[in-house]
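# Remarks on the overall topology
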Amino acid sequence: MRSLNRVEVSRSALIHNFGICRQWADGAAIMPLVKADGYGHGMIDCARVFAEQGAAAFGVAEAIEGVRLRAAGITQPILVLAGVIPQTLPTMVEADLTPVVVDAAIVPELSRLAGLQRREIGVHVKLDAGMGRQGVLPEDFVDLVRTVRGAPHLRLDGVMAHFPCSDEPQSANSAQVLRTFTATTASLAALTGGGCCLHLANSGGLFYVAGARLDMVRPGIALYGYYPDGETGRAAAAPPLLRPAMRFATRIIQVRRVPAGSGLGYSHLFTTSRPSTIAVLPVGYDDGYLRKLSNRAQVLIHGRRVPTVGRISMNLTLVDVTGIDGVQVGDEAVLLGRQGEETITADEIAAWMETISYEVLCLFGKLNDREMID
Ligand SMILES: *Cc1c(COP(=O)(O)O)cnc(C)c1O
């Protein structure tokens, strides 16, 4: 028995999007970001698809995600972007994960553990080239590289930084970050004799920042079918366009006819102005269909857009289907994705929720039963 609320993830869309990223990467290696359970699409399933398509490495937030990928048979390098601290090091060494080192303090202990296991561990170093979040400042970069290179059981495999504003194609910031990254890493070849993988570009860097591809690119949102700058990016992009991979649908559980002047749901946030037909859906904020969507979202029923009316509750949502013929209990209602000729995108829902597609995908994907299709 399965929930009436179902998230479908299209394998062919993931493959299509990987292909578009590969075109843009223009020979650079591709490291898909599969953190946050693959942005809600299923970390392991997505990683398997991308591995088959030629992913060179994977990016996760925490070590535990890397452990799960290893258990699922993923053999590519797995970079752990967050939480390389003493408590996680033994697991990281054991599961052969690649720590992203953000300062020199961790280096001796990491090297010691690698030595105990008679292993050499490859690490990547994170430079703060303008993101202002993690990593070492440019003035501390050479010291960190020397510390890693001086550690007996560590090997410096890569250097990375992150763009803060690459979702704004017009922003001059990205070119500045790229210049800082390039200038700071210029001495690497002399220090290391080459062989160090430089990577900087997220989806925005890949699509919008000339020269940012370097040795490897790190797309996340693009692989799942969305542009980092939302509908603006989609409208400006040249075909072939990215294809959204996620669809979220439910079923109507009651159809009610109510008179004009009826207050609907908590706080009577909506009052009917005419005799109305209201369909009840078994979806709510528990499923990631947030309260913010009260009175302002649309869903697809019989291929037509209908508005949500009244408060979204924990597990119930009302939609106004007045004037649509033959709406019945059991009919499909699509909250995200296509039905007939109509489509509701995560960008649209994000606008109603005052957020970005990333958050919508994480919420829907992680809070609902999910299956991979085609
Ligand atoms: C999440 C993440 C990415 C991917 O960003 P998108 O905007 O989803 O392409 C790339 N690099 C790092 C370090 C990240 O944390």
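If you check an unreviewed UniProt entry, the protein chain appears there as Alanine racemase from Desulfobulbus propionicus. Looking at the protein chain in UniProt, the text filed under Function (unreviewed entry) is "Catalyzes the interconversion of L-alanine and D-alanine. May also act on other amino acids." Per its UniProt entry, the protein chain bears the Cofactor (unreviewed entry) comment "pyridoxal 5'-phosphate".

### Focus: the sheet that holds strand S9 (residues 216-217)
One open sheet holds the 8 strands; their spatial order is S2-S9-S8-S7-S6-S5-S4-S3, and the pairing between them is parallel. Each having just a single partner strand, strand S2 (29-30) and strand S3 (58-60) make up the two edges of the open sheet. Pairing of S2 with S9 involves 2 bridges; the strand directions are parallel. The residue bridging isoleucine 30 from the neighbouring strand is valine 217, located in S9. The strands touched by helix H7 (residues 138-150) within the sheet are strand S5 (98-101), strand S6 (121-126) and strand S7 (154-160), with S7 carrying the most contacts at an inclination of about 150°.

### Considerations on the site of the ligand
Taken together, 13 residues are adjacent to the ligand, and Lys35, Tyr39, Ser203, Ile221 and Tyr358 come closest. The side chain of lysine 35 places a nitrogen or oxygen atom 2.6 Å from an oxygen atom of the ligand. The contact in question runs from an oxygen atom of the ligand to an N or O atom on the backbone of glycine 220, over 2.9 Å. Within the complex, the protein chains bury 92% of what would otherwise be the 390 Å² of accessible surface of the ligand. Its atoms largely coinciding with the cavity grid, the ligand occupies the largest pocket. For the shell around the ligand, the class distribution of residues is 7 nonpolar, 4 polar and 2 charged.

### Remarks on the packing of aromatic side chains
Evaluation of the coordinates by the stated rule reveals 9 aromatic pairs. Ring centres of tyrosine 39 and tyrosine 358 lie 5.9 Å apart, and the angle between their planes is 35°; on these two criteria the pair is classed as tilted. You can see tyrosine 39 sitting in helix H2 (residues 35-39) and its partner tyrosine 358 sitting in helix H13 (residues 357-367), a full 319 residues away along the chain. Plain terms: the ring middles of phenylalanine 50 and tyrosine 224 are 6.2 Å apart, the flat faces sit at 65° to each other, and that makes the pair edge-to-face. Of this pair, phenylalanine 50 sits in helix H3 (residues 43-53) while tyrosine 224 is found in the loop between S9 and helix H11 (230-236), placing the two residues 174 residues apart along the sequence.

### Observations concerning the nonpolar core
Counting residues in each nonpolar core, the largest one holds 116 residues, and the members touching the most others are Leu14, Phe50, Leu69, Tyr289, Ile301, Leu336 and Ile349. Per-element accounting of this core gives the leading share, 6 residues, to helix H1 (residues 11-25). Counting the residues that make up this core, at least three belong to each of domain 1 (11-236) and domain 2 (246-344). For isoleucine 349, the residues in contact, after removing those within four places along its chain, are Leu293, Leu335, Leu336, Ile344, Val360 and Phe364.

### Brief notes about the environment of threonine 308
When you line up the elements, threonine 308 lands in the loop between strand S16 (304-307) and strand S17 (317-320). Once the C-alpha coordinates of threonine 308 and serine 294 are considered, the two residues, 14 residues apart in sequence, prove to be 6.5 Å apart. Only 3.1 Å separates the side chain of threonine 308 from the backbone oxygen of leucine 293, close enough to count as a polar contact.

### Topic: H13
Here H13 has its buried residues at Ser357, Val360, Leu361, Phe364 and Gly365. Relative to the axis of H13, the buried residues are bounded by an arc of 110° and lie together on one face. The inward-facing, buried residues of H13 contact strand S1 (6-10), H2, strand S10 (246-251), strand S18 (332-339), helix H12 (346-353) and strand S20 (369-373).

### Quick word on the pattern of salt bridges
Evaluation of the coordinates by the stated rule reveals 15 salt bridges. Linking arginine 112 and glutamate 109 is a salt bridge whose minimum nitrogen-to-oxygen distance equals 3.0 Å. Taken as a pair, arginine 112 and glutamate 109 lie in helix H6 (residues 107-116) at a separation of 3 residues, close to a single helical turn. Glutamate 120 is the partner of arginine 155 in a salt bridge, and the nearest nitrogen-oxygen pair spans 3.0 Å. Taken together, the residues arginine 155 in strand S7 and glutamate 120 in the loop between H6 and S6 connect sequence positions 35 residues apart. What makes arginine 155 partly exposed here is its relative accessible area of 35%.

### Here's the deal with unusual backbone geometry
The omega torsion across proline 239 and proline 240 is 0°, close enough to zero to call that bond cis. Positioned with a positive phi, aspartate 96 is a non-glycine residue whose angle comes to about 55°. You can see aspartate 96 is positioned in the loop between helix H5 (89-94) and S5. Using a relative accessible area of 43% as the deciding quantity, one classes aspartate 96 as partly exposed. In this structure, leucine 214 takes a positive phi of about 50° despite not being glycine. Take leucine 214: it is sitting in the loop between helix H10 (203-208) and S9.

Calculation notes
Residues numbered from 1 in each chain as written. Predicted model: local features only at pLDDT ≥ 70, side-chain atom pairs only at ≥ 80, totals over all residues. Heavy atoms only, no water. UniProt positions renumbered as here; feature names shortened; annotations may be inferred. Pairing = 2+ DSSP bridges. Helix = DSSP H or I, 4+ residues; strand = E, 2+ residues; numbered from the N terminus. Contact = heavy atoms within 4.5 Å. Axes fitted to C-alpha atoms, helices over the stretch in contact; angles between N-to-C directions. Near = heavy atom within 4 Å. Polar contact = N/O pair within 3.5 Å; in protein donor to acceptor, adjacent residues only side chain to side chain. Areas by Shrake-Rupley, 256 points an atom, 1.4 Å probe, with all protein chains shown as cover. 1 Å grid on protein atoms, 1.4 Å probe; cavity = no way out; pocket = protein on both sides within 12 Å on 5 of 7 lines; lining within 4 Å. Sits in = over half its atoms within 2 Å of the grid points. Nonpolar A, V, L, I, M, F, W, Y, C, P; charged D, E, K, R; others polar. Phe/Tyr/Trp six-rings, centres within 6.5 Å; stacked < 30°, edge-to-face > 60°. Core = buried A, V, L, I, M, F, W, Y, C linked by side-chain atoms within 4.5 Å. Buried < 20%, exposed > 50% of the residue type's maximum accessible area, 1.4 Å probe, protein only. Domains from an automatic or database assignment. Arc of directions from axis to C-beta. Salt bridge = Lys/Arg side-chain N within 4 Å of Asp/Glu carboxyl O.

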